[in-house]
Amino acid sequence: MIGTSGTAQPADLTDVRTTNLAVVLRYVRTHAPCSRADIAASTGLNKATVSSLVADLLERRLLRETGMAENRIGRPAAMLTLESRPYAAIGLEVGADHLVAIAVDLTGERLLSWRRAFPGLGGTAGRAEAAVAALAGRVVAKLTAQGRQILGLTVAVPGLVTAAGGVRFAPYLGWSDLDLKPALTKALRRPEYDIVVDNDANLAALAEHRSGAYAGTPDLIALIGGVCIGAGLIADGRLVRGGQGFAGQVGHLQLDPAGPLCRCGRRGCLEAFAGLPALVRNALPDTVADGPVTDFAPELERITALAAAGDEVATRALSEGGSRIGQAVSVLADVLDPHVVVLGGAFATLSPWLLPAVEAEVKARAVPGEAGHVVVSTLDPGSAAAGGAALALDRLESGRLPAPV
Ligand SMILES: [Zn+2]
């Protein structure tokens, strides 16, 4: 089933009615327009229960009636769909060089998409926290001015994020033990909606699982390239978080103990070969003399232009990076046996030159019977922000419904 994400909270599901409301909501999202009789037939709930649940969801303005259509026995029946107007869910992605904010309505339709340059690499944690809070505040103000109620705000961070919303370690932001969720909650004046902080690759995987080209694939890995490299792992339709919530930190998978020095202090990590700083260093050797890069967007454009023009240094650097990514993908495939590995972030942008080497390496290392394949994300950049917004919608479908208005 599309949209179950491992975020369901069993404690929330003890209330049978809440569970059933969520069942109806999820059914309408995936089958709209549909009638009450369709819902009853497909969910196994009886017709009177469905009518009562639908009345409740109409009152909460989560559903609306779209008109009449003939049902199976030819009688006119009111058709139901999700109500798009009253609500908004927000995802905010913190990158090493950018902030992206995305808001969607209940149907997943994009309401806004903003990108701002952000000195994550050069600024202090306090200033970064203030910048994130300020952008979140502007997005909330814009949406509430439209009369929308905020369902949730999810912040995606490239690093280790605890279940309590603290950032244990985000090396490329210079953050360690930063209590981001409490700080945002305070800065946004303790709002009624949920604020969640999560790892960016986890959220990118949720975005792929909910609305990517392989939406609904139960075993899926999103491998996200950027200054940091992370993987979001979906197994049996659920996000794999691990014991402390730190699963998927594949950027520091050591591929060659004699390889280049990594920022983590070890040698030959995936990131030291195929993270953006490494790709820029190898594809654009002249930038090293210019000092540290803090905004990678222009460098990424230069690499793309050079590679498209057939520049030998750039294409060789990308092909070598692709081989290392392929090495990491084959390790992940051995451990998790995914149906598909989706390359996202900078890996998607650079995929015309990375993917052939990735595929060759994966093929060379595949064990007999391995079926997974590597594809490129078709989602826009900022998929972690989109995944953050999707998480807020998923929480709704796991029973965290807004009160009737
Ligand atoms: Zn490392």
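Here is a short report on the structure shown in this document. Everything quoted here is computed from the prediction, not taken from an experiment.

Moving on to the overall build of the protein chain. When you go through the protein chain residue by residue, the secondary structure sums to 13 helices and 16 strands. In terms of overall size, the protein chain behaves like a compact globule, its C-alpha atoms giving a radius of gyration of 22 Å where 405 residues would be expected to give roughly 22 Å. Seen through its C-alpha atoms, the protein chain measures out along the principal axes to roughly 70 × 50 × 40 Å. Here the contacts in the protein chain between residues at least 6 apart in sequence split such that 62% fall between residues at least 24 apart. Each charge sign in the protein chain was given a centre, from 37 positive and 40 negative side chains, and these centres are 6 Å apart.

Let's shift gears to the coordination of the zinc ion. Ideal geometry at a metal centre: 109.5 degrees between donors when four sit tetrahedrally, and 90 or 180 degrees when six sit octahedrally. Protein-derived ligands of the zinc ion are His252 (ND1), Cys262 (SG), Cys264 (SG) and Cys269 (SG), with the metal-ligand distances lying across 2.0 to 2.3 Å. Between the four donor atoms coordinating the zinc ion, the angles at the centre fall across 104 to 119°, so the site counts as tetrahedral. Expressed as a motif, the donor residue spacing for the zinc ion is H-x9-C-x1-C-x4-C. Judged by its relative accessible area of 0%, Cys269 falls in the buried class.

Okay, the pairing of strand S12 (residues 220–225) next. Remark: a regular strand shows side chains that alternate across the two faces of the sheet. When you tally the buried positions in S12, you get six out of six residues, the bulk of the element. Covered by surrounding structure in S12 are Leu220, Ala222 and Ile224 together with Ile221, Leu223 and Gly225, the residues of both alternating faces. Pairing analysis gives five bridges linking S12 to strand S13 (residues 230–235), with the strands arranged antiparallel. Counterpart to Ala222 in the pairing with S13 is Gly232. Adjacent in sequence and paired antiparallel, S12 and S13 are bridged by four residues.

Another point: the side chain of Glu129. Among the structural elements, Glu129 can be located in helix H4 (residues 125–145). Although buried, Glu129 forms no salt bridge, and the nearest oppositely charged side chain, Lys186, lies 8.8 Å from it. The contacts of Glu129, once residues within four sequence positions are left out, are Leu178, Leu180 and Ala183.

Right, let's talk about the environment of Leu270 for a bit. With respect to the secondary-structure elements, Leu270 resides in helix H7 (residues 270–274). Residue Leu270 is classed as buried on the basis of its relative accessible area, which comes to 0%. What Leu270 contacts, discounting residues up to four positions off in sequence, is Ile229, Val250, Gly251, Leu253, Leu255, Gly275, Arg324, Ile325 and Ala328.

Below, the discussion takes up helix H1 (residues 16–31). Here H1 spans 22 Å end to end across 16 residues, near enough to the 22 Å set by a 1.5 Å rise per residue. Listing the buried residues of H1 in full gives Thr18, Asn20, Leu21, Ala22, Val24, Leu25, Arg26, Tyr27, Val28 and Arg29.

With that out of the way, let us pick up the sheet that holds strand S9 (residues 167–170). Ordered by their spatial adjacency, three strands build an open sheet running S8-S9-S10, and the pairing between neighbours is antiparallel. Since the sheet does not close on itself, it has two edges, and those belong to strand S8 (160–161) and strand S10 (175–178), each with one partner. Note that S9 and S10 share three bridges and pair antiparallel. Following the sheet pairing, Phe169 is matched in S10 by Ser176.

To continue, consider the sheet that holds strand S16 (residues 373–376). Two orientations exist for strands paired in a sheet by backbone hydrogen bonds: parallel and antiparallel. Strand order in the open sheet made by the five strands is S14-S13-S12-S15-S16, with mixed pairing throughout. Whereas interior strands pair on both sides, the edge strands pair on one side only; in this sheet they are strand S14 (238–239) and S16. Along the sheet face, helix H12 (residues 351–365) touches strand S15 (340–345) and S16 and points at about 175° away from the line of S16.

Once that is clear, we can look at unusual backbone geometry. A cis amide bond, omega -5°, links Ala32 with the succeeding residue Pro33. Relative to the elements of secondary structure, Pro33 occurs in the loop between H1 and strand S1 (34–35).

The full count for this structure, using the stated rule, is 16 salt bridges. The shortest N-O distance in the salt bridge between Arg395 and Asp194 comes to 3.0 Å. Remark: Asp194 occurs in strand S11 (residues 194–199) and Arg395 occurs in helix H13 (residues 383–397); sequence separation between them is 201 residues. Classification of Arg395 by relative accessible area gives buried; the value is 14%. A network of salt bridges, in which partner residues are shared, links Arg29, Arg210, Asp394 and Glu397.

If you look at the biggest cluster of nonpolar residues, it comprises 41 residues, and the most contacted ones within it are Leu223, Leu270, Ile325, Leu343, Phe347 and Val358. The element contributing the most residues to this core is helix H10 (residues 312–336), with seven residues. Excluding anything up to four places from it in sequence, Ile325 contacts Leu223, Leu270, Ala274, Leu343, Phe347, Leu354 and Val358. Within the second largest apolar cluster, 34 residues are counted, among which are Ile90, Ala128, Val155 and Val161.

A few words on the environment of Gly108. In this structure, Gly108 sits in the loop between strand S5 (98–104) and strand S6 (110–117). Sequence separation of Gly108 and Thr162 is 54 residues, and the distance between their C-alpha atoms is 27 Å.

Here we come to the packing of helix H6 (residues 200–211) against H13. At a closest axis distance of 7 Å, the pairing of H6 and H13 adopts a crossing angle of 70°. When the interaxial angle is binned, H6 and H13 end up roughly perpendicular. Once H6 is placed against H13, the crossing between them reads as left-handed. Contacts between H6 and H13 involve Asp200, Leu203, Ala204, Leu206, Ala207 and Arg210 on the former and, on the latter, Ser383, Ala384, Ala386, Gly387, Gly388, Ala390, Leu391, Leu393, Asp394 and Glu397. Tallied by class, the residues present in the contact of H6 with H13 amount to nine nonpolar, three polar and four charged.

Conventions adopted
- Within every chain, residues take consecutive numbers counted from 1 along the sequence as written.
- A pLDDT threshold of at least 70 governs which residues receive local features in this predicted model, and a stricter bar of 80 or more applies before side-chain atom pairs are shown or counted, although totals over entire chains, interfaces and linings include all residues.
- Hydrogens and water are ignored here; the side-chain numbers use all heavy atoms of the structure.
- Counting from the N terminus, the helices are the DSSP runs of H or I reaching at least four residues and the strands are the DSSP runs of E reaching at least two.
- Using C-alpha atoms as the atom set, the radius of gyration is obtained and then compared with a globule rule of 2.2 Å times the number of residues to the power 0.38.
- Note on contacts: a residue pair qualifies if any of its non-hydrogen atoms lie within 4.5 Å across the two residues.
- Only four residue types enter the tally: Lys and Arg on the positive side, Asp and Glu on the negative side; His and the chain ends are excluded.
- Taken as the charge centre is NZ of Lys, CZ of Arg, CG of Asp or CD of Glu, depending on the residue.
- Here a donor is an N, O or S atom found within 2.8 Å of the metal, or within 3.2 Å if the metal is Na, K or Ca; sites may look incomplete because water is not among the atoms.
- For a four-donor site, all angles between 85 and 135 degrees give tetrahedral; for four or six donors, opposite pairs above 155 degrees with the remaining angles between 65 and 115 give square planar or octahedral; all remaining cases count as irregular.
- Classification of residues uses two cut-offs on accessible area relative to the type maximum, computed with a 1.4 Å probe and protein chains only: under 20% is buried, over 50% is exposed, and between them is partly exposed.
- By this definition, two strands are paired if DSSP reports at least two bridges between them.
- When a carboxyl oxygen of Asp or Glu is within 4 Å of a side-chain nitrogen of Lys or Arg, the pair counts as a salt bridge.
- Given the number of residues in a helix, its expected span is that number minus one, multiplied by 1.5 Å.
- Think of each axis as a best-fit line through the C-alpha atoms, taken over the contacting stretch in the case of a helix, with angles from 0 to 180 degrees between the N-to-C directions.
- To qualify as a nonpolar core, a set must consist of buried Ala, Val, Leu, Ile, Met, Phe, Trp, Tyr and Cys residues joined through side-chain atoms within 4.5 Å.
- Every angle not falling under 35 degrees, over 145, or within 65 to 115 is termed oblique; those three ranges are roughly parallel, roughly antiparallel and roughly perpendicular.
- Helix crossings fall into two classes, left-handed where the near helix is turned counterclockwise from the far one by less than a right angle and right-handed where it is turned clockwise.
- Under the convention adopted here, Pro, Cys and the residues Ala, Val, Leu, Ile, Met, Phe, Trp and Tyr are nonpolar, Asp, Glu, Lys and Arg are charged, and Gly plus all remaining residues are polar.

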